[in-house]
Amino acid sequence: MTAFRAALLDLDGTLLDSIPDLAFAANAMRVELGMTALREDVVATFVGKGVDNLVRRSLAGSLDAADPSAAEFDRAREAFYRHYHLVNGERAQVYPGVIDGLKHMRDQGLKLAVVTNKPTEFTLPLLQRTGLAGFFDAVVCGDTCARRKPDPDQVLHACELLGVAVTEAVTIGDSINDAQAGRTAGTQVLVVPYGYNEGRDVRELDVDGIVDTLVNAAQWVALWNQNQNAAKTAS
């Protein structure tokens, strides 16, 4: 086991509560297409596997529904993107503990990266508008690699960008997509319990720890590194 040199953090549901903006765009899309609006908490369960999946699920009003026709999907996607560009970051809120947690990680000398399934065209403005952009040495988005979380490609790419081995990184997220991507790539995995996770309980996930806030995550990392350094000294 080695000490951590980097933390890879999910965006929606981990750093930011972006559901108000996403739900607004999803419902504006549905209304434009002649459908009724969905409750915000319902849309929250659709988040996690990228914007295109959010569009499909919002169009169907269900996690498990038949795919729309190509024409239906293209029309819905265009509407969602148009509405989301107008509100992206407008009502999104940084979760409690995020700023302090990121500061603690940075003070420990950790390199930080965002690893998100959100497309670049939404991610970079959102990080800027919420004041988080300056914390991160790298940003890996849903269109950066060939495959998105839960596949490991983005996690591996983030480690390459930061110049660290996967064993020197911890993945921090809120969902099964983050847990599977981090685990398959070979990182340690932490999850927060306040995110989305497609309506599932994070206690069901294969992770190394559940941390209430990013401050707790920073403390977990600090203790891990302290133990690794003590073991190295003892040997």
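This write-up is about the structure you can find in this document. Within every chain, residues take consecutive numbers counted from 1 along the sequence as written. Restriction of local features to residues with pLDDT of at least 70 applies here, the model being predicted, together with a cutoff of 80 or more for giving and counting side-chain atom pairs; totals for whole chains, interfaces and linings are based on all residues. Hydrogens and water are ignored here; the side-chain numbers use all heavy atoms of the structure.

**Notes on the overall build of the protein chain**
And then number 1: Within the protein chain, the regular secondary structure consists of nine helices and eight strands.
And then number 2: C-alpha atoms define the radius of gyration in this analysis, and the globule rule sets the expected value at 2.2 Å times the number of residues to the power 0.38. Its C-alpha atoms give the protein chain a radius of gyration of 18 Å, within 12% of the compact-globule value 18 Å for 235 residues.
And then number 3: Seen through its principal axes, the protein chain has C-alpha atoms that stretch 70 × 30 × 30 Å.
And then number 4: Each residue is placed in one exposure class: buried if its accessible area under a 1.4 Å probe, protein chains only, is under 20% of its type's maximum, exposed if it is over 50%, and partly exposed if it falls in between. Buried residues in the protein chain amount to 51% of all 235 residues. Each helix is a run of DSSP H or I of at least 4 residues and each strand a run of E of at least 2, with the numbering of both proceeding from the N terminus.

**What to know about the packing of helix α3 (residues 51-60) against helix α4 (residues 70-87)**
And then number 1: Interaxial angle, 0 to 180 degrees, is taken between N-to-C directions of lines fitted to C-alpha atoms, where a helix line uses only the stretch in contact. Relative orientation of the contacting elements α3 and α4 amounts to 110°, with a least axis distance of 10 Å. The angle between α3 and α4 places the two elements in the roughly perpendicular class. Between α3 and α4 the crossing geometry is right-handed. Packed against α3, whose contacting residues are V51, D52, L54, V55, R56 and L59, the element α4 presents E72, F73, A76, R77, F80 and Y81 at the interface.
And then number 2: In this classification, Asp, Glu, Lys and Arg are treated as charged, Ala, Val, Leu, Ile, Met, Phe, Trp, Tyr, Cys and Pro as nonpolar, and every other residue, Gly included, as polar. Taken together, the residues that form the contact of α3 with α4 break down as eight nonpolar, no polar and four charged. Here the angle decides the label: under 35 degrees means roughly parallel, over 145 means roughly antiparallel, 65 to 115 means roughly perpendicular, and every other value means oblique. Helix crossings are classified by the rotation of the near helix relative to the far one: an anticlockwise turn of less than a right angle makes the crossing left-handed, while a clockwise turn makes it right-handed. We call two residues contacting when some pair of their heavy atoms lies within 4.5 Å.

**So, the side chain of E168**
And then number 1: For E168, the location among the structural elements is in the loop between α7 (153-162) and β6 (169-173).
And then number 2: Discounting residues that sit within four places of it in the chain, E168 has contacts with T2, A3, F4, R5 and A6.

**Notes on the nonpolar core**
A general feature of soluble globular proteins is that nonpolar side chains tend to end up buried together.
And then number 1: Nonpolar cores are built from buried Ala, Val, Leu, Ile, Met, Phe, Trp, Tyr and Cys residues. Side-chain atoms within 4.5 Å join them into one set. With 53 residues, the main nonpolar core has L9, L15, F80, L102, M105, F136 and L214 as its most contacted residues.
And then number 2: Here this core takes seven residues from α4, the largest share from any one element.
And then number 3: One finds L8, A138, C145 and A185 within the second-largest nonpolar core, a separate group that totals 15 residues.

**Section: the sheet that holds strand β5 (residues 138-140)**
And then number 1: At least two bridges found by DSSP between two strands are what make those strands a pair. Strand order across the open sheet formed by six strands is β5-β4-β1-β6-β7-β8, with parallel pairing between neighbours. Two strands bound the open sheet, and with one partner strand each, they are β5 and β8 (209-210).
And then number 2: Both strand β1 (residues 6-9) and β6 contribute to a ladder of four bridges, which runs parallel. Across the sheet, L8 pairs through a bridge with T171, a residue of β6.
And then number 3: Packed onto the sheet, helix α5 (residues 98-107) meets β1, β4 (111-115) and β6 and runs at close to 155° relative to β1.
And then number 4: Against the sheet, α7 contacts β1, β4, β5 and β6, and its axis sits at roughly 150° relative to β4.

**Quick notes on the environment of R183**
And then number 1: With respect to the helices, strands and loops of the structure, R183 is situated in helix α8 (residues 176-185).
And then number 2: Every residue in contact with R183, bar those within four places of it in the chain, is listed here: Q188, V189, D206, V207 and D208.

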